[in-house]
Amino acid sequence: MQSFQPPHRILMGPGPSDVSPRVLAALARPTIGHLDPAFQDLMEEIKAALQRLFNAPDHACVPLPAPGTAGMEAAMMNLLEPGDRCVVAVNGAFGGRMADMAGRAGATVVTVDHDWGQAVDVARCEAALAEAPTKVLAFVHAETSTGAKSDAASLCGIARKHGALSVVDCVTSLGGIVVDVAGWDADVVYSGTQKCLSAPPGLSPIALSKRAQAAISGRKEKVRNWLLDFNLLMSYWGGPDGSGGGGRTYHHTAPINALYGLHESLVAIFEEGQQAAIVRHARMHEALVAGIEAAGLSMLVAAKDRLPQLNTVIVPDGIDEAAVRAHALKAWDLEIGAGIGALKGRVWRIGLMGASATPWHVRLCLTALCEALAAQGLAVDAKAALAAADKQLGKAGPA
Ligand SMILES: *Cc1c(COP(=O)(O)O)cnc(C)c1O
């Protein structure tokens, strides 16, 4: 065997996003023990930083030791018991995954189905909640499979009104658009490190409200998975003094170096400013869309529901969409995403997440896309696309 040397790539798909050199450097620092006093200080800093990032000062916030899907699984398995009713809004692949998990937890699952590309319909979800007592309302804030954003504040509001706990998937939203857990009065909210936080995949920050914690304590039977059982997890993550539930007793060996990486990415976000990062995502999105439209292409999602960090572009008739992605990868080392599920073959998914949301990325992507389309004989005006993007960015193009 020889050491693996990955090719240099630019990541503009649905995740992972580009990881900055400072986060990569943090990952390579020496491993220490998971009960080392210095590591325990790092744990407390990460918990406090996640409370700030989620705006969840009264929630328990910890990073789960597995990718974003672990947050989803923890939410469903901890809150739901056999026979509980769970309403799941399904407007893409990840809503569908939530419904699958709720069923595996033994819940009676009611889905509120949508066409892919639509935001979640609040009124239809409320009608489903009004039909019968419901334990959980689950939905995806930023549906990465379609590029649609949903109204988390209203959806959490109807959950409260009908006595249900809310579960909000913020894997792609956190760091890219406003996530306001306290303002929404949300119960369980989870994310992932490899989207707008620009750390490598492998961790899932999660926030649990006091109501959610009480529901877990009041369960009739044990949580059916062990690693993600919140009460067991908190025996390690809860706090050094036992106040948070256990005084750092061994539960699993924390992924030490991955947590260095998350910590560094949080330092970078707070250095830039959370609001500044959100404005940057919005600006890059506006520039990309201006370029896409100037090139004669169109977006799937209605303008008011678009996610800045995940742009679904419709594949024009007669174009081989996979060949376009292959060209971008081969000629430009640029990864863009394919459509999945109902949108397979119909869209490209262009991520502008975290460190991948810069003017340079926008211009590179437009250049590569126009070149790949021209190679298939489509008349696209690459100059006009770049000029439109530059105009949005408020900068003069090359002379
Ligand atoms: C990426 C993603 C997930 C899953 O995260 P993984 O890190 O791939 O496990 C869940 N929900 C949404 C909305 C996502 O975009």
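Throughout what follows, the structure given in this document is the object of discussion. (Residues numbered from 1 in each chain as written. Predicted model: local features only at pLDDT ≥ 70, side-chain atom pairs only at ≥ 80, totals over all residues. Heavy atoms only, no water.)

In this section: the packing of aromatic side chains. As enumerated under the stated definition, the model contains 1 aromatic pair in all. With a centroid separation of 6.0 Å and an interplanar angle of 75°, the aromatic rings of Tyr-236 and Trp-237 are classed as edge-to-face. For the pair Tyr-236 and Trp-237, one class covers both residues: buried. (Phe/Tyr/Trp six-rings, centres within 6.5 Å; stacked < 30°, edge-to-face > 60°. Buried < 20%, exposed > 50% of the residue type's maximum accessible area, 1.4 Å probe, protein only.)

Relative to the assigned elements, Thr-172 resides in the loop between β8 (165-169) and α7 (181-184). A polar contact is formed between the side chain of Thr-172 and the side chain of Thr-144, at a distance of 2.7 Å. Setting aside anything within four residues of it in sequence, one finds Thr-172 in contact with Ala-142, Thr-144, Lys-195, Cys-196, Gln-309 and Met-353. (Helix = DSSP H or I, 4+ residues; strand = E, 2+ residues; numbered from the N terminus. Polar contact = N/O pair within 3.5 Å; in protein donor to acceptor, adjacent residues only side chain to side chain. Contact = heavy atoms within 4.5 Å.)

What follows concerns the site of the ligand. Near the ligand there are 13 residues, and of these Thr-69, Thr-144, Asp-169, Gln-194 and Lys-195 occur at the shortest range. Within the contact set of the ligand, an oxygen atom lies 2.9 Å away from a backbone nitrogen or oxygen of Gly-68. Here a nitrogen atom of the ligand sits 2.7 Å away from a polar atom, N or O, in the side chain of Asp-169. Protein contact buries 89% of the 380 Å² of open area that the ligand shows by itself. Of all elements in the fold, only α3 (68-79) and α4 (93-104) reach the threshold of two or more residues within the shell around the ligand. (Near = heavy atom within 4 Å. Areas by Shrake-Rupley, 256 points an atom, 1.4 Å probe, with all protein chains shown as cover.)

A cis geometry characterises the amide bond from Gly-15 onward to Pro-16, with omega recorded as 5°. Phi angles above zero are rare outside glycine, and Asn-55 is one such case at about 50°. Mapped onto the secondary structure, Asn-55 falls in the loop between α2 (37-54) and β2 (60-64).

Quick look at the sheet that holds strand β11 (residues 310-314) now. Read from one edge of the open sheet, 4 strands run β1-β12-β13-β11, paired in mixed fashion. For this open sheet the edge positions go to β1 (10-12) and β11, each flanked by a neighbour on one side alone. Across the sheet, the mean angle from the axis of one strand to that of its neighbour is 35°, orientation sign disregarded. Looking at chain direction, β11 and strand β13 (residues 347-351) are connected through 5 bridges and run antiparallel. What sits directly across from Ile-314, in β13, is Val-347. Set on the sheet, helix α11 (residues 274-294) makes contact with β11 and β13; between it and β11 the angle comes to about 5°. Along the sheet face, helix α12 (residues 321-332) touches β1, β12 (334-338) and β13 and points at about 160° away from the line of β12. (Pairing = 2+ DSSP bridges. Axes fitted to C-alpha atoms, helices over the stretch in contact; angles between N-to-C directions.)

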